[in-house]
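# Structural overview
Okay, here's what each chain looks like letter by letter:
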Amino acid sequence: MIICIMLDGIKSIKQKYTLKQLRKEQPLKQIVNMDTVKNIAIVFHVGDELSWKYLYAIVRELEKANKRVFLIGDQAADMELNYIITHSQTTICHEKEDFDFWGFPKENVVENFFARHYDILIDVTSGDSFFSQYMVLKSGSDLNITYVDDSQEVDPLINQLYDFTIHGKEPIVLPDFFENVCNYLQMVQK
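Residues numbered from 1 in each chain as written. Predicted model: local features only at pLDDT ≥ 70, side-chain atom pairs only at ≥ 80, totals over all residues. Heavy atoms only, no water.

With that settled, consider the overall build of the protein chain. Secondary structure assignment for the protein chain yields six helices and six strands. When the helices and strands of the protein chain are listed from N to C terminus, the series reads α-β-α-β-β-α-β-α-β-α-β-α. The C-alpha radius of gyration computed for the protein chain amounts to 17 Å, which stays within 12% of the reference 16 Å derived for 190 residues, consistent with globular compactness. Counting only C-alpha atoms and orienting by the principal axes, one finds that the protein chain spans roughly 55 × 40 × 35 Å. Counting all 190 residues of the protein chain, 43% fall into the buried class. In the protein chain, once contacts between residues fewer than 6 apart in sequence are set aside, the share between residues at least 24 apart is 62%. Counting every atom, the protein chain has about 10900 Å² of accessible surface; 52% of that belongs to carbon and sulfur. A distance of 6 Å separates the average location of the 19 positive side-chain charges in the protein chain from that of its 28 negative side-chain charges. (Helix = DSSP H or I, 4+ residues; strand = E, 2+ residues; numbered from the N terminus. Rg over C-alpha atoms; globule rule 2.2 N^0.38 Å. Buried < 20%, exposed > 50% of the residue type's maximum accessible area, 1.4 Å probe, protein only. Contact = heavy atoms within 4.5 Å. Areas by Shrake-Rupley, 256 points an atom, 1.4 Å probe, with all protein chains shown as cover. Lys, Arg positive; Asp, Glu negative; His and termini not counted. Charge placed at Lys NZ, Arg CZ, Asp CG, Glu CD.)

Running from N to C, helix α3 (residues 107-114) and helix α4 (residues 130-139) point in directions that differ by 50°, and their axes come no closer than 11 Å. In terms of their interaxial angle, α3 and α4 are classed as oblique. Note on packing geometry: the crossing formed by α3 with α4 is right-handed. Residues V110, F113 and F114 of α3 touch α4, and the partners they reach there are Y134, M135, K138 and S139. Partitioned by chemical class, the residues of the contact of α3 with α4 number five nonpolar, one polar and one charged. (Axes fitted to C-alpha atoms, helices over the stretch in contact; angles between N-to-C directions. Parallel < 35°, antiparallel > 145°, perpendicular 65-115°, else oblique. Left-handed = near helix turned anticlockwise from the far one by under 90°. Nonpolar A, V, L, I, M, F, W, Y, C, P; charged D, E, K, R; others polar.)

Here the focus is the environment of Y184. With respect to the element layout, Y184 can be found in helix α6 (residues 174-187). Expressed as a C-alpha distance, the spacing of Y184 and I166, which sit 18 residues apart in the sequence, is 9.7 Å. Apart from the residues within four sequence positions on either side, Y184 is in contact with F164 and I166.

Right, let's talk about the environment of S132 for a bit. Within the secondary structure, S132 is located in helix α4. Separated by 87 residues in sequence, S132 and H45 have C-alpha atoms that sit 8.5 Å apart. Ignoring any residue separated from it by four or fewer positions in sequence, one finds S132 in contact with V43, D123, T125 and G127.

As enumerated under the stated definition, the model contains 14 aromatic pairs in all. The interplanar angle of 80° and the centroid separation of 5.4 Å between the aromatic rings of F104 and Y134 together place this pair among those described as edge-to-face. In this pair, F104 sits in the loop between β3 (90-94) and α3 while Y134 sits in helix α4, placing the two residues 30 residues apart along the sequence. The pair formed by F104 and Y134 is uniform in burial state, with each residue classed as buried. Here a set of aromatic residues connected by ring pairs shows up, and it is made of F70, F104, F113, F114, Y118, F130 and Y134. The lysine or arginine in question, K11, covers the ring of F101, its NZ or CZ lying 4.6 Å from the ring centre. (Phe/Tyr/Trp six-rings, centres within 6.5 Å; stacked < 30°, edge-to-face > 60°. Lys NZ or Arg CZ within 6 Å of the ring centre and 35° of its normal.)

Here you go:
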């Protein structure tokens, strides 16, 4: 028991150190108009079927607008997937087999995701885990966007990770969040 607690503490220290190093490497960001966006990355947690249907419907709308959308999500070890994820550009990192001892996604699982350049990365997890924070920083996208639920305690690190946040006083509602993101980015004029 004590050894497990010590190992968890060491893992946490290594994860925090890695995030700090990745933050130092971040280039200057720019807000782009939605019309100029070509590649979009979305970070999510694998959840229930309804959440997936909302997310997939949004992805399909973005693709109809000639955007290429790539998704990456993590699936908890105790989460049973009882529906089919049909989007071909989706990577699922399974907690049981796709993470190393330190909690980092294995390179062979995420290499295709990191090989692309993203104009925008949208994190629908609100940066609530090491996985999502690591994906945001490691992707090197031009603009990182998330949602912040102001009714919850907010990690001060969020302001360092994301270039653009949309605030609300309740948990994220995906259709409303994406509508706000698109509306704000449509207003940007270059």
